[in-house]
Amino acid sequence: MGVLNVTPDSFSDGGRFSDPAAARDRARALIEAGADLVDLGGESTRPGAAPVSVEEELRRVLPVLEQGPMFGGSDSVTISIDTSRATVAEAALAAGARVVNDITALRGDERMVEVVRAAGAGLVLMHMQGAPRTMQQNPVYRDVVAEVHAFLAERIDHAITHGIPRERIAVDPGIGFGKTVTHNLALLAGLETFQDLGCPVLVGTSRKSFIGKVLDREVDQRVWGTAATVAWAVMHGARIVRVHDVREMSDVVRMTERIASGRHGRTKS
Ligand code: HH2
């Protein structure tokens, strides 16, 4: 999953793809580089970010989607809309997006579940403690892996109860969303725990600040740290990785998968 932020303030690519033509070119580049999904977002969720109005979010994402076949018309690439607002999701799905990536896991807007159900769309349910503006102030867990697992299990039940089939749902532990460095590392270390939820696991570590803190690297120097997390995540069951550096991480995924497939061919010497 390649990241396409049409925002002025996203933490690593803010302001670069705000113009619809630049966004389209970026989407093409992501697809050529190996993305199967493009995640389009019109609101930054970085720690401390202020929310934008629904109108502003629509004004940012719709012109990008409305540009034509690259967005939704093509069978080879799926566009997901990164939003927690039902109005934005509804308009984006009507304009060709096929997945809703909701960082609030259906808690942000009570109409969202019905919008996703009615459209027959895919859904990403992500864990977040608190809200972006304040979530990094003092996140506390007793057992972060167990708590995130229980949260996702409950959210899957909620979605299924409201008519969304399990086959359309992916889950995401929400790296960086109300978590310290230790919490993020624990979630990655325990990633296999989420396999029993019965939904594909999505992981979004790309260029995030826990990598910067572990390695003492600025945001534009985190590609190798990201690569380590992507290889680890794929080895431990992630089916989707949300990344900015698609060409590089596509190689990491393909190579890791090839090694993993070789595990079964091992013979005793
Ligand atoms: N991370 C970000 C945004 N959306 N969605 C999911 N499902 N999982 C994630 O880990 C995730 C996400 C934050 O990254 P980015 O979009 O690069 O930055 P910003 O929120 O500043 O736009």
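Everything discussed here concerns the structure shown above.
Please read all numbers here as calculations on a predicted model, not as lab measurements.

Focus: the environment of glycine 198
Consideration 1: Of note, glycine 198 is situated in the loop between helix 6 (181-189) and strand 7 (201-203).
Consideration 2: Judged by relative accessible area, glycine 198 falls into the partly exposed class, the value being 47%.

Looking at the environment of glycine 225
Consideration 1: Relative to the elements of secondary structure, glycine 225 occurs in helix 8 (residues 223-235).
Consideration 2: With 17 residues separating them along the chain, glycine 225 and lysine 208 place their C-alpha atoms 9.4 Å apart.
Consideration 3: Ignoring anything within four residues of it in the chain, the contact list for glycine 225 reads Ile211 and Leu215.

Side note on the packing of helix 2 (residues 54-65) against helix 3 (residues 86-94)
Consideration 1: As a packed pair, helix 2 and helix 3 sit with axes 10 Å apart at the nearest point and diverge in direction by 15 degrees. By the angle class used here, helix 2 and helix 3 are roughly parallel. Classified by chirality, the crossing of helix 3 by helix 2 is right-handed. Counted together, Val54, Glu57, Leu58, Val61, Leu62 and Leu65 of helix 2 and Thr87, Val88, Ala91 and Ala92 of helix 3 form the full contact between these two elements.
Consideration 2: Class assignment for the residues of the contact of helix 2 with helix 3 results in eight nonpolar, one polar and one charged.

Focus on helix 8
Consideration 1: The end-to-end C-alpha distance of helix 8 is 18 Å, a good match for the 18 Å that 13 residues give at a rise of 1.5 Å each.
Consideration 2: Those residues of helix 8 that fall on the buried side of the exposure criterion are Gly225, Thr226, Ala227, Thr229, Val230, Ala233 and Val234.
Consideration 3: Taken together, the buried residues of helix 8 touch helix 6, strand 7, helix 7 (209-215), strand 8 (238-241) and helix 9 (246-262).
Consideration 4: Backbone geometry just after helix 8 places glycine 237 at a positive phi near 105 degrees.

Re the pattern of salt bridges
Consideration 1: Overall, the coordinates contain 13 salt bridges when judged by the stated rule.
Consideration 2: Salt-bridge contacts for arginine 242 lead to aspartate 39; the nearest nitrogen and oxygen are separated by 2.9 Å. With arginine 242 in the loop between strand 8 and helix 9 and aspartate 39 in strand 2 (residues 37-41), the pair connects residues that are 203 residues apart, well separated along the chain.
Consideration 3: Residues aspartate 251 and arginine 254 are paired through a salt bridge, measuring 3.3 Å at the closest nitrogen-oxygen approach. In this pair, aspartate 251 and arginine 254 are both assigned in helix 9, three residues apart and thus about one turn of the helix distant.
Consideration 4: Connected via shared salt-bridge partners are Asp39, Asp82 and Arg242.

Scoring rules and cut-offs
Residues numbered from 1 in each chain as written. Predicted model: local features only at pLDDT ≥ 70, side-chain atom pairs only at ≥ 80, totals over all residues. Heavy atoms only, no water. Helix = DSSP H or I, 4+ residues; strand = E, 2+ residues; numbered from the N terminus. Buried < 20%, exposed > 50% of the residue type's maximum accessible area, 1.4 Å probe, protein only. Contact = heavy atoms within 4.5 Å. Axes fitted to C-alpha atoms, helices over the stretch in contact; angles between N-to-C directions. Parallel < 35°, antiparallel > 145°, perpendicular 65-115°, else oblique. Left-handed = near helix turned anticlockwise from the far one by under 90°. Nonpolar A, V, L, I, M, F, W, Y, C, P; charged D, E, K, R; others polar. Expected span 1.5 Å × (residues − 1). Salt bridge = Lys/Arg side-chain N within 4 Å of Asp/Glu carboxyl O.

Read these as layout, nothing more, since geometry by itself doesn't imply function.
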